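# Structural overview for review
Spelled out from the first residue to the last, the chains are:
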Amino acid sequence: MQSQQYQQHRRKFAAAFLAFIFILAAVDTAEAGKKEKPEKKVKKSDCGEWQWSVCVPTSGDCGLGTREGTRTGAECKQTMKTQRCKIPCNWKKQFGAECKYQFQAWGECDLNTALKTRTGSLKRALHNADCQKTVTISKPCGKVTKPKPQESKKKKKEGKKQEKMLD
C-alpha cells in the first residue's frame, strides 16, 4: 500500500518537474526569438521651445478659440502653428483668462469706502501663463439688513388648518 502511494507521489513530482522544465524552455525560446532593435538615434534639434500666445476666443470673451505658437531655429521645419484652446466662461477674466484663483470668503464691509474685499491665491495657470500669485477684488457692500426670521412651511400650514377649523 505504501509503495503504491510512494510511486504515485513520485509520478506527480516527476510530472511537475517536467512541466517546470517545459515552461522554462518555452520562455527561453520566446526571449531568443525577439530581435534586439538598435536604439534610434535621437536627433538633436536646434529648434527652440514653443512659445504660445494667449488664447483668443472665436466669439465673445470666453469659449472656444485659438492660440499661435512660434519657435526659433535655423533648421526647424515648422516655426509657427495654431492650436485650439478654450477659455472657461466662469473664470474671473479681469485677472487673465488663463489664470484660475481660489478665493477666500468676502471680508467685512469697510464703512469708509462702502466696499468689501477678498483675496485669491493662484490655483492653476494654463499654458505657462504669466499670472499673479495673489489678487484682491472688491465690490460694493449693498444694503445691510437683518433677515427676518421666517416660519417654516409646516408651521404655516398648521396655522392655516387651525384657522379653517375655527371658522
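Predicted model, so just to flag it, every value in this text is computed and none were measured.

This part takes up the overall build of the protein. On a plain count of helices and strands, the protein comes out with two helices and seven strands. What you see in the protein, going N to C, is helices and strands ordered as α-β-β-β-β-β-β-β-α. Within the protein, the proportion of its 167 residues that are buried is 13%. Contacts in the protein between residues at least 24 apart in sequence constitute 39% of all its contacts with a sequence separation of at least 6.

Moving on, we come to unusual backbone geometry. We note that Ala-114 has phi near 60°; this positive angle belongs to a residue other than glycine. Accessibility expressed as a relative area gives 40% for Ala-114, which makes it partly exposed.

Turning next to the state of the cysteines. In the structure shown here, the tally under the stated rule is four disulfides. Between the sulfur of Cys-55 and that of Cys-85 lies a disulfide, 1.9 Å long from S to S. Residues Cys-55 and Cys-85 are joined by a disulfide whose S-S torsion is about 90°; by sign, that bridge is right-handed. Of this pair, Cys-55 sits in the loop between strand 1 (51-52) and strand 2 (56-57) while Cys-85 sits in strand 4 (residues 80-87), placing them 30 residues apart in sequence.

This brings us to the nonpolar core. The nonpolar side chains of soluble globular proteins are, as a tendency, buried together. Core analysis: the biggest nonpolar cluster contains six residues, these being Cys-99, Tyr-101, Phe-103, Cys-131, Val-135 and Ile-137. Those elements giving two or more residues to this core turn out to be strand 5 (99-103) and strand 7 (134-140). Element by element, the count of residues in this core is highest for strand 5, at three residues.

Moving on, we come to the sheet that holds strand 6 (residues 115-125). Strand pairs in the sheet, formed through backbone hydrogen bonds, run parallel or antiparallel to each other. A sheet is described by the order of its strands in space; here three strands give the open sequence 5-6-7, paired in antiparallel fashion. Two strands close off the open sheet at either side, each with one partner strand: strand 5 and strand 7. The sheet shows a mean angle of 40° between the axes of neighbouring strands, taken without regard to direction. The pairing of strand 6 with strand 7 spans seven bridges and is classified as antiparallel. Across the sheet, Arg-118 pairs through a bridge with Ile-137, a residue of strand 7.

This brings us to the packing of aromatic side chains. For the coordinates displayed, the defined rule picks out two aromatic pairs. Consider the rings of Trp-50 and Trp-52, whose centres lie 5.8 Å apart with planes at 25°: the pair is stacked. The partly exposed category is assigned to Trp-52, whose relative accessible area is 27%. Judged by centre distance (6.3 Å) and plane angle (55°), the ring pair of Tyr-101 and Phe-103 falls under tilted. Given a relative accessible area of 17%, Phe-103 falls into the buried group.

Reading the values: the criteria
Residues numbered from 1 in each chain as written. Predicted model: local features only at pLDDT ≥ 70, side-chain atom pairs only at ≥ 80, totals over all residues. Heavy atoms only, no water. Helix = DSSP H or I, 4+ residues; strand = E, 2+ residues; numbered from the N terminus. Buried < 20%, exposed > 50% of the residue type's maximum accessible area, 1.4 Å probe, protein only. Contact = heavy atoms within 4.5 Å. Disulfide = S-S within 2.5 Å. Core = buried A, V, L, I, M, F, W, Y, C linked by side-chain atoms within 4.5 Å. Pairing = 2+ DSSP bridges. Axes fitted to C-alpha atoms, helices over the stretch in contact; angles between N-to-C directions. Phe/Tyr/Trp six-rings, centres within 6.5 Å; stacked < 30°, edge-to-face > 60°.

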